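The lines below spell out each chain.
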Amino acid sequence: MLALLFVAFLLALLIGFDVGFSMILSAWLGILAKPGDVIDTAMMPLSMIAGVDSYALVQVPLFILAGELMNRGGLTMRLIEWAMALVGRLKGSLGHVSIITNFVMAGVSGSAVADAVATGKPLIPAMRKEGYGEGFAGAVIVAGALLGPILPPSIPMVVYAQISSQSVVKLFMAGVVPAILLAAGFLVVCSIVARYRSYPSRPPVDVRAKLRATGNASWALMMPVIVIGGIRFGLLTVTESAAVAVLYALVVSFVVYRGITLRQLPKLIFHAGRSTAIVLFLLAAAGPFSWLVAESQINQTVIDTIRSISTNPIVVLLIVNVFLLLIGCIVEPLPAMIIFLPLLIPLGAQVGIDPIQFGAVVVLNLMIGLMHPPIGLLLFVVSSVGKLRLGPVMWEVLPFLGWALVVLVLTIVFPPITTWLPTQIK
Amino acid sequence: MLHALGRALHLLDVLIEWMVVALMVSLVAIVSLQFIDRHFIDTGIAAPDQYARVALVWLTFIGFAIAVRAALNVRVDLIDAHLPPRVRHLLALIFDALMLVLLAILVPGSWRLIEIGKDQMLLGTGFTAAVPAAGVFAACLLMLLFVGLRLIVRLLGSELPGPKET
């Protein structure tokens, strides 16, 4: 009976009912259907509060705010100018600029969508002006923005840490090597496409101009150093590093770059707060829903089914990843994590998969969902920001998507890609 | 009538927006004070993490209420484009009605939680466990209002004015 409610939940989800309320609805129906003592009405809101009443989650609004400040305060533009001075002479340099800028920005902002908007707005018109195809102009922004939630700090990693009770710092570190592999491959794809289509390069920039661009961007470049260095050397906890990032971005945006006025600040803070609430409400709704998952024993059914196929950790991870890639076709990454991780985490533990590797692989997999059709959120965001047709962007994103899948398989088959760096953290 | 309702709701929107801003600022301030307390001077705040958690609970629920008002809540819109407008409209009405039913369960539940929590102190703070529960209660009441009005106005064949950002 309770397993049927899980199916009803999926149905509610697919016909377009609010994701959080779908979880609450199925949990409530589950409570009604459960024989035995009547459950107190206070249980539902109590388990919702428990879903978000965690100090570790305080970093989510702070990193979202830091990212907003960075994007609106002129820090992102300085990074674009700096990357342009460094790699402008390469063929198809604006593609490289997008990847490099996003790689640096990812050190502060954990949101792929915010990064796509921030880099897409200036770079897509510039690429179109220089004769890049509209599909490629969009696809390269999508690929660059994908790095945001994989490199630390990463909001999906924080959510995973919360669900699985793992160290968020170790999870952050687990994303570093896959992100470097992704960025390196994306740069190679840019080079190949640019050479094949003879995309233009920019005039070479002398050393003095490069130094000047680096100087202008130094405030922005220092931000990931402060955040990641502060955590790595034990000066800051992850949550404190998020607050420091907010204060630093605030000072730099106001005093140094003068990109924001005092009047704009409340609106910017409000947007960050509302975005936070949208994410965290899903975690709150997952509180009663996880009761349903536990009571229906659907996780045991999933575990038994997959274990009947294989108990080899690599094979199990591959099966989980195929499942998540399919889920990624219909559900956005964060809801998918919140809905399916309670089913999958015990499976990982039972077949002996390192929980940090499991987390990194799951996050990487679900983030890839941001760039593949039909609901790849980044495809829609970039098409809308750059006023591009969706079809060409979907087509041109395929080489980047192909490389992302290769990196995903590598992280499954070679666990040290995700587990080596976290073991270096004491 | 609809215009007057829109103006009244706008005042409420502004109030909630400023509340969200205040909660965000308080989170930055609390965590920053904790850093200062740990490394530099004693700020005298016994349990900053507890205050931050209370602010986060309030932010989550109040912020979500305003997201529901602006129809920004997360949903899978995979089949939307394939449905005729009449079916989409009917589904929107059913979803709002379903949400109202769930909120009608959450409102008394969260009120009961306030009553249970009012005698339990949160360690190191002057707050009781009723304070975070009050955030859920207030947000559920707001959502009840927003979704209820939206449903009534839709049933009357019109659309409730959306929030104007200030």
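How each quantity is defined
Residues numbered from 1 in each chain as written. Chains lettered and ligands numbered in written order. Predicted model: local features only at pLDDT ≥ 70, side-chain atom pairs only at ≥ 80, totals over all residues. Heavy atoms only, no water. Helix = DSSP H or I, 4+ residues; strand = E, 2+ residues; numbered from the N terminus. Rg over C-alpha atoms; globule rule 2.2 N^0.38 Å. Buried < 20%, exposed > 50% of the residue type's maximum accessible area, 1.4 Å probe, protein only. Contact = heavy atoms within 4.5 Å. Areas by Shrake-Rupley, 256 points an atom, 1.4 Å probe, with all protein chains shown as cover. Lys, Arg positive; Asp, Glu negative; His and termini not counted. Charge placed at Lys NZ, Arg CZ, Asp CG, Glu CD. Buried area = accessible area lost by both parts, 1.4 Å probe. Salt bridge = Lys/Arg side-chain N within 4 Å of Asp/Glu carboxyl O. Polar contact = N/O pair within 3.5 Å; in protein donor to acceptor, adjacent residues only side chain to side chain. Nonpolar A, V, L, I, M, F, W, Y, C, P; charged D, E, K, R; others polar. Phe/Tyr/Trp six-rings, centres within 6.5 Å; stacked < 30°, edge-to-face > 60°. Lys NZ or Arg CZ within 6 Å of the ring centre and 35° of its normal. Patch = residues over 30% accessible without salt bridge, like charges linked within 9 Å, V, L, I, M, F, W, Y side chains within 5 Å. pLDDT = per-residue confidence, 0-100. Axes fitted to C-alpha atoms, helices over the stretch in contact; angles between N-to-C directions. Parallel < 35°, antiparallel > 145°, perpendicular 65-115°, else oblique. Left-handed = near helix turned anticlockwise from the far one by under 90°.

**Concerning the overall build of chain A**
Secondary structure summary: chain A contains 22 helices and zero strands in total. In terms of C-alpha radius of gyration, chain A reaches 22 Å, essentially the compact-globule figure of 22 Å for 426 residues. The dimensions of chain A, computed from C-alpha atoms along their principal axes, are 75 × 45 × 45 Å. Taking all 426 residues of chain A together, 59% fall into the buried category. Counting only contacts in chain A whose residues sit at least 6 apart along the sequence, the fraction spanning at least 24 positions is 80%. Carbon together with sulfur atoms contributes 68% to the accessible area of chain A, which is approximately 15,800 Å² in total. Each charge sign in chain A was given a centre, from 24 positive and 16 negative side chains, and these centres are 17 Å apart.

**Overview of the interface of chain B and chain A**
Between chain B and chain A, the residue contacts involve 54 residues of the former and 57 residues of the latter. Taking both sides of the interface into account, the surface hidden between chain B and chain A amounts to around 5,000 Å²; carbon and sulfur atoms contribute 79%. Scanning the region where chain B abuts chain A turns up three salt bridges. Between Arg112 of chain B and Asp40 of chain A there is a salt bridge, with the nearest N and O atoms lying 2.7 Å from each other. Inspection of the chain B/chain A interface yields eight residue pairs in polar contact (both at pLDDT 80 or more). In terms of residue class, the side of chain B that touches chain A is made up of 38 nonpolar, nine polar and seven charged.

**Observations regarding the packing of aromatic side chains**
A full pass over the atoms with the stated rule returns 16 aromatic pairs over all chains. Considering the side-chain rings of Phe281 of chain A and Phe61 of chain B, the 6.0 Å spacing of their centres and the 80° angle between planes classify their relative orientation as edge-to-face. Of the two residues, Phe281 of chain A sits in helix α14 (residues 265-296) while Phe61 of chain B sits in helix α2 (residues 48-69), which places them in two different chains. Of the two residues examined, Phe281 of chain A and Phe61 of chain B, each falls in the buried class. Relative to Phe127 of chain B, the ring of Tyr51 of chain B has its centre 5.4 Å away and its plane inclined at 75°; by these criteria the two rings are edge-to-face. One end of the pair, Tyr51 of chain B, is in helix α2; the other, Phe127 of chain B, is in the loop between α3 (85-117) and α4 (130-155), with 76 residues separating them in the sequence. Judged by relative accessible area, Phe127 of chain B falls into the partly exposed class, the value being 31%. Site record: aromatic cluster; members linked through ring pairs are Tyr132, Phe136, Phe186, Tyr199 and Phe400 of chain A. In this structure, Arg78 of chain A packs its charged tip against the face of Tyr257 of chain A, placed 4.1 Å from the ring centre.

**Re a nonpolar patch on the surface**
Residue and element names in this part refer to chain A. Together, Ile314, Leu318, Val409, Val413 and Phe414 make up an exposed nonpolar region whose accessible area comes to about 370 Å². Broken down by secondary-structure element, the contributors of at least two residues to the nonpolar patch are α16 (313-327) and α21 (398-413). Secondary-structure assignment places Ile314 in helix α16. The class of Ile314 is partly exposed, set by a relative accessible area of 34%.

**Considering the confidence of the model for chain B**
All names here are of chain B. Averaged over all residues, the pLDDT of chain B is 91; the fraction at 70 or higher stands at 99%. Across chain B, element-level confidence peaks in α4 with a mean pLDDT of 96 and bottoms out in helix α1 (residues 2-39) with 92. Scoring of the predicted complex yields 0.86 for pTM and 0.95 for ipTM.

**Some points on the pattern of salt bridges**
Summed over the entire model, instances satisfying the criterion amount to 11 salt bridges over all chains. The residue Glu240 of chain A makes a salt bridge to Arg38 of chain B at a minimum N-O spacing of 2.4 Å. Pair noted here: Glu240 of chain A is in helix α13 (residues 238-256) and Arg38 of chain B is in helix α1, and the two residues belong to different chains. The partner of Arg150 of chain B in a salt bridge is Asp96 of chain B, and the shortest N-O contact between them spans 2.8 Å. Taken together, the residues span a long stretch of sequence, with Arg150 of chain B in helix α4 and Asp96 of chain B in helix α3 at a distance of 54 residues. Each member of the pair, Arg150 of chain B as well as Asp96 of chain B, is classed as buried. Bridged by salt links that share partners, the residues Asp96, Arg150, Arg154 and Glu159 of chain B form one connected network.

**So, the side chain of Ser26 of chain A**
Residues and elements named next belong to chain A. Position of Ser26 among the secondary structure elements: in helix α2 (residues 19-33). By relative accessible area, which is 3% here, Ser26 ends up buried. Excluding residues within four positions of it along the chain, Ser26 makes contact with Leu5, Phe9, Phe289 and Leu292.

**Some details on the environment of Thr60 of chain B**
As for its placement among the helices and strands, Thr60 of chain B is situated in helix α2. Between the C-alpha atoms of Thr60 of chain B and Ala139 of chain B, which are 79 residues apart in sequence, the distance is 9.1 Å. Setting aside chain neighbours within four positions, we find Thr60 of chain B in contact with Val52, Ala277, Leu280 and Phe281 of chain A. A distance of 2.8 Å separates a polar side-chain atom of Thr60 of chain B from the backbone oxygen of Leu56 of chain B.

**Quick word on the packing of helix α7 (residues 112-129) of chain A against helix α8 (residues 134-146) of chain A**
Residue and element names in this part refer to chain A. At a minimum axis distance of 9 Å, the contact between α7 and α8 shows a crossing angle of 150°. When the axis of α7 is compared with that of α8, the two are roughly antiparallel. The two elements α7 and α8 cross, and the hand of that crossing is right-handed. The segment α7 lies against α8, with Ala112, Asp115, Ala116, Thr119, Gly120, Leu123, Ile124, Met127 and Arg128 engaging Glu134, Ala137, Val140, Ile141 and Ala145.

**Section: the packing of helix α11 (residues 176-197) of chain A against α21 of chain A**
All names here are of chain A. Running from N to C, α11 and α21 cross one another at 150°; their axes reach a closest spacing of 10 Å. In terms of orientation, α11 and α21 fall into the roughly antiparallel class. Crossing handedness for the pair α11 and α21: right-handed. Between α11 and α21, the contacting residues are Pro178, Leu181, Leu182, Gly185, Phe186, Val189 and Cys190 on the first element and Pro399, Phe400, Trp403, Ala404, Val407 and Thr411 on the second. Classifying every residue of the contact of α11 with α21 gives 11 nonpolar, two polar and no charged.

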